[in-house]
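Listed below, chain by chain, are the residues.
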Amino acid sequence: MEKLKNYINGILTTAYSSNYINDYNPATGEVFTMIPDSDAEDVEIAVKSAEKAFESWSETSAEVRSGYLMKIAALIKRDLDKFALAETTDSGKPLWLSKSVDIPRAVKNLEFFASAITHFSSESHLTDNEALNYTLRQPLGIVGAISPWNLPLYLFTWKIAPALAAGNCVIAKPSEITPLTAFMLSEICIEAQLPDGVLNIIHGYGNKVGSAIVSHPKIKAITFTGGTNTGREIAKVAAPMFKKLSLELGGKNPNIIFADCDYEKMLETTVQSSFRNQGEICLCGSRIFVEKSIYEKFRKDFVDKVKKLKTGDPLDENSFLGAIVSKQHYEKILYYIDVAVKEGGKILCGGSNIKGRGRCEDGWFIEPTVIEGLSYNCRANQEEIFGPVVTITPFESEEEVLMMANSTEYGLASIIWTENLTRAHRLSSKIKSGIVWINCWMLRDLRTPFGGVKNSGVGREGGLEALRFFTESKNVCVKLKN
Ligand code: NAD
């Protein structure tokens, strides 16, 4: 069986412990590869190499750094099919999705920040003709990047690209559940001749490698995407060390549907925003609120459509939903369906696991599930499930739906469907989330600020926000008159 390696100081290497962790294919339930079970020793070696690399990387021109990122992007693009198959094997997501979204977006992240850094500028302030203030934007040094399993290469590159572009060296840890494309990225970086130590990719568990990165005194900033509880643990360690922190955490996003919406467009998109990637996207709208006058019609039409979605082998291009990423997560989702039923929820479709066929007999599959009849403040409507499970709830007024939408501890994204633009803008300003989509979902522009409020996180990624995060501003004041 293939064993993956860490990428430290420009070479592929085994973990200091020589131990390995099993990596499963969720569609078959089988172990298909193993990853290094790394720890603080490996992080220490990586920090030393990054420290050395920073001396020259931080001095290279933006154009040179941009060139490396472009080269890496081009090589991933060349191998797009290979990367897509790897992502699907590791995560259980449909192959068509890896091919059309995950890997192309990883390429775009690299290209975007390769270009953005060549346009990045800083401010100057002339102070009453007496002094000139100019602000330098300098790289931080070594930064840590820790990412989750749901959009593996997509989110990994979303962090690494701006950090490298801004002149930092990076110690990155992909999720131990989906490490394969991060390993392939190491091979690509070697092929692109990225200087040794500029990027180090270390595999392993969060409570070993992850916490060693977070607590290392020479790592100046942490960019983390993952669960809210993990974010809290990271903040506990990193905040007293005065590290810069960007935390992109969980969500429980409302999808608010008014009777005056463009119904067909809403219905089509709501199927996507509920169940794309098995509902394992932090931006999915898992709480659907529908204006009472169209509630009955929506329930029927939506459930009819959801019942037609095929769940099965991710390699089958007709599968809209593939496998759930891990056995543990699969059990968590089934547990929450049970909680919802105990809380009085009525399952309108789905509601259980399904047995895969052929090679997928032992895979982890759950039918897309729609539940109604729950109060807005029950556990199933307040806690993040992060799977193919949505609830539908009727509402009578804008005030009522706003109260329900804002009732959770989270505040990542919201979706609003209405043709009444005054109402859409009014609600957008009152809704407590970092992102609002009006009459659309997942329409992304990489220049926009991305992130959540409340327990969905701290800080913003994307565009200039990311380049500002990965640089320290230093103001220089020059007196112009004697
Ligand atoms: P997780 O928090 O369990 O793990 C995320 C990463 O953190 C993994 O690499 C893990 O190994 C590491 N980790 C775990 N414990 C750690 C510790 N103590 N110190 C340092 N690192 C540690 O999250 P997950 O289950 O992989 O991902 C799902 C979660 O991610 C969901 O809550 C989802 O909403 C969230 N998410 C948020 C966004 C966003 O942009 N806000 C995007 C995608 C996913």
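Preceding this section is the structure that the text describes.
Before going into details, it helps to say that this report is about the structure given with it. Everything numeric here is computed off the predicted structure, so don't read it as measured data.

This paragraph deals with the site of the ligand. Close to the ligand lie 29 residues, the nearest being Ser147, Glu176, Thr230, Leu249 and Glu384. The contact in question runs from an oxygen atom of the ligand to an N or O atom on the backbone of Gly227, over 2.9 Å. A distance of 2.6 Å separates an oxygen atom of the ligand from a polar side-chain atom of Thr230. Here the ligand occupies the largest pocket. Elements with a minimum of two residues in the shell around the ligand: α7 (206-215), β10 (219-225) and α8 (228-238). The leading source of residues in the shell around the ligand is α7, at four residues. Partitioning the shell around the ligand into residue classes produces 13 nonpolar, 12 polar and four charged. Here the shell around the ligand spans two domains, since at least three of its residues come from each of domain 1 (6-249 + 456-476) and domain 2 (254-448).

This paragraph deals with helix α11 (residues 327-342). Residue pairs spaced three or four apart in an α-helix point in one direction, given the helix's 3.6 residues per turn. Given a rise of 1.5 Å per residue, 16 residues ought to cover 22 Å, and the 23 Å separating the end C-alpha atoms of α11 matches this to within 8%. Considered for burial, the residues of α11 that qualify are His329, Tyr330, Ile333, Tyr336, Ile337, Val339 and Ala340. For α11, the secondary structure elements touched by its buried residues are β14 (346-349), β15 (353-354), β16 (365-366), β17 (369-372), α12 (379-382) and β18 (389-395). Backbone geometry just downstream of α11 places Gly344 in the positive-phi region, at approximately 100°.

Here is what the cut-offs are and how they apply
For every chain, the first residue of the written sequence is number 1, and numbering continues from 1 along that sequence. Given that the model is predicted, a residue must reach a pLDDT of at least 70 before its local features are reported, and side-chain atom pairs must reach 80 or more before they are shown or counted; all residues, however, enter totals for whole chains, interfaces and linings. Side-chain calculation: all heavy atoms of the structure are included, whereas hydrogens and water are not. Residue proximity to a molecule or strand is established when one non-hydrogen atom of the residue lies within 4 Å of it. In protein, a polar contact requires one atom able to donate a hydrogen and another able to accept it; more generally it is a pair of N or O atoms within 3.5 Å, and residues adjacent in sequence count only if both atoms are side-chain atoms. Cavities and pockets are found on a 1 Å grid laid over the protein atoms alone: a cavity is a set of points where a 1.4 Å probe fits but cannot escape, a pocket is an open set with protein on both sides within 12 Å along at least five of seven lines, and a lining residue has an atom within 4 Å of such a point. The way we define it, a molecule is inside a pocket or cavity when more than half of its atoms are within 2 Å of that pocket's grid points. Under the scheme used here, helices are H or I runs from DSSP no shorter than 4 residues and strands are E runs no shorter than 2 residues, and both carry numbers assigned from the N terminus. All residues other than Ala, Val, Leu, Ile, Met, Phe, Trp, Tyr, Cys, Pro, Asp, Glu, Lys and Arg, Gly among them, are scored as polar; the first ten of these are nonpolar and the last four charged. The start and end points of each domain follow an automatic or database-based domain assignment. Helix span, as expected, comes to 1.5 Å for every residue beyond the first. Each residue is assigned to one of three classes by its accessible area relative to the maximum for its type, calculated with a 1.4 Å probe on protein chains only: buried under 20%, partly exposed between the two thresholds, exposed over 50%. Only heavy atoms matter for contacts: two residues are in contact if any of them lie within 4.5 Å across the pair.

The quantities given are spatial measurements derived from coordinates; they are silent on function.
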